[in-house]
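These are the residues of each chain, in order.
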Amino acid sequence: MTREPVFDVLTGLVRAIFWAQGLKIHIVGGEHIPRTGGAVLAVNHTAYLDFMEVGLVGRESGRNVRYMMKAELEHGIVGWLMKQCKAIGVDRTAGAESYARAVTALREGEIVVVYPEATISRSFELKEFKSGAARMAIEAAVPIVPMTIWGAQRVWTKDIPKQLGRHNFPIHIQVGDPIAPVDHADDLTAALRSSMEKLLDAAQRDYDMPPGARWVPARLGGTAPTLEQAKVLEREEMERRAAAKARRAQG
């Protein structure tokens with residue numbers, strides 16, 4: 001692994017945070033992360049900070065992953081950090097350019113992290129998948145590596161109070177077999193989702209989930225919103241954001 005001083009420092013900081021919180025990280029299937037060459041690393045999204053676990057999995061396999069981050073962050077200290085860590089800025093008004101940058105990184109042998117659900121799942125179930133991960137893999141001729149994280153939502157997620165102190169939460173991570181980019185994007189996306197459903201089930205299987213807990217899916221006896229209820233909450237959030245943006249534009 002090529003030395004990247006800023007990435008090294010940030011990784012050390014992440015490890016210190018995990019130690020301070022007492023997080024118990026359990027990784028299964030880390031050997032599926034390619035040691036060389038490009039790959040799309042497709043991950044479920046349940047928490048604000050789950051990118052930290054993604055980075056740790058990469059480092060445990062001797063790789064520095066490349067994140068796709070909002071282009072509006074590309075300024076100041078965050079912008080400098082993004083540049084040093086080879087993050088890929090995503091501008092929703094110029095999606096083709098961001099997509100092309102990701103494909104170029106894949107062709108250059110990088111591991112690019114993609115959240116197929118795009119946004120955090122309030123239900124903690126897998127939401128509908130976008131096809132971007134599959135399209136990138138096909139165009140760059142690299143595999144997709146499916147990965148699921150379970151337990152990170154207990155630390156910090158939408159609609160639930162943060163738990164940033166020392167709590168000793170277990171975090172279960174499952175990494176699946178790489179999926180070759182041989183199918184149509186829709187077929188590849190379906191195969192990816194099927195794989196991630198199995199990985200998520202495996203990550204949840206031996207995890208202690210108290211009945212009625214807010215961070216536990218309704219399907220498993222918790223009080224998290226169902227997928228349909230979560231869709232309503234997400235739509236309401238988007239409407240509030242749009243209204244706030246309109247008010248700002250009007251001064």
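Okay, so let's go over this structure. Small disclaimer: the values here were computed from a predicted structure and weren't measured.

Definitions and cut-offs
- Residues numbered from 1 in each chain as written.
- Predicted model: local features only at pLDDT ≥ 70, side-chain atom pairs only at ≥ 80, totals over all residues.
- Heavy atoms only, no water.
- Phe/Tyr/Trp six-rings, centres within 6.5 Å; stacked < 30°, edge-to-face > 60°.
- Helix = DSSP H or I, 4+ residues; strand = E, 2+ residues; numbered from the N terminus.
- Buried < 20%, exposed > 50% of the residue type's maximum accessible area, 1.4 Å probe, protein only.
- Contact = heavy atoms within 4.5 Å.
- Expected span 1.5 Å × (residues − 1).
- 1 Å grid on protein atoms, 1.4 Å probe; cavity = no way out; pocket = protein on both sides within 12 Å on 5 of 7 lines; lining within 4 Å.
- Points joined across faces, edges and corners; volume = space filled by probe spheres on them.
- Nonpolar A, V, L, I, M, F, W, Y, C, P; charged D, E, K, R; others polar.

### Thoughts on the packing of aromatic side chains
Next, step 1: Following the criterion strictly, the structure yields 3 aromatic pairs and no others.
Next, step 2: The interplanar angle of 90° and the centroid separation of 6.0 Å between the aromatic rings of Phe51 and Tyr67 together place this pair among those described as edge-to-face. Of the two residues, Phe51 sits in helix H2 (residues 50-60) while Tyr67 sits in the loop between H2 and strand E3 (68-70), which places them 16 residues apart along the sequence.
Next, step 3: Under the relative-accessibility criterion, Phe51 is labelled partly exposed at 35%.
Next, step 4: You can call Tyr67 buried: its relative accessible area is 16%.

### Description of the side chain of Glu125
Next, step 1: By the secondary structure assignment, Glu125 is in the loop between strand E5 (111-114) and helix H5 (132-140).
Next, step 2: Filtering out sequence-adjacent residues up to four positions away, Glu125 remains in contact with Glu117, Pro217, Arg219 and Leu227.

### Describing helix H1 (residues 5-21)
Next, step 1: Relative to the 24 Å expected for 17 residues at 1.5 Å per residue, H1 spans 25 Å between its end C-alpha atoms, a close match to the ideal helical length.
Next, step 2: Where H1 is concerned, the buried positions are Val6, Phe7, Asp8, Thr11, Val14, Phe18 and Gln21.
Next, step 3: Directly beyond the C-terminal end of H1, a positive phi value near 75° is found at Gly22.

### Brief notes about empty space enclosed by the protein
Next, step 1: Applying the stated criterion to the full structure yields 1 cavity of 30 Å³ or more.
Next, step 2: When its volume is computed, the largest cavity comes out at roughly 60 Å³.
Next, step 3: Phe18, Gln21, Leu23, Leu49, Asp50, Met52, Glu53, Ala152 and Val155 together form the lining of the largest cavity.
Next, step 4: If you list the elements that add at least two residues to the lining of the largest cavity, you get H1 and H2.
Next, step 5: Among the elements that make up the lining of the largest cavity, the one with the highest residue count is H2 (3 residues).
Next, step 6: Class assignment for the residues of the lining of the largest cavity results in 6 nonpolar, 1 polar and 2 charged.

Nothing here speaks to function; it is all geometry.
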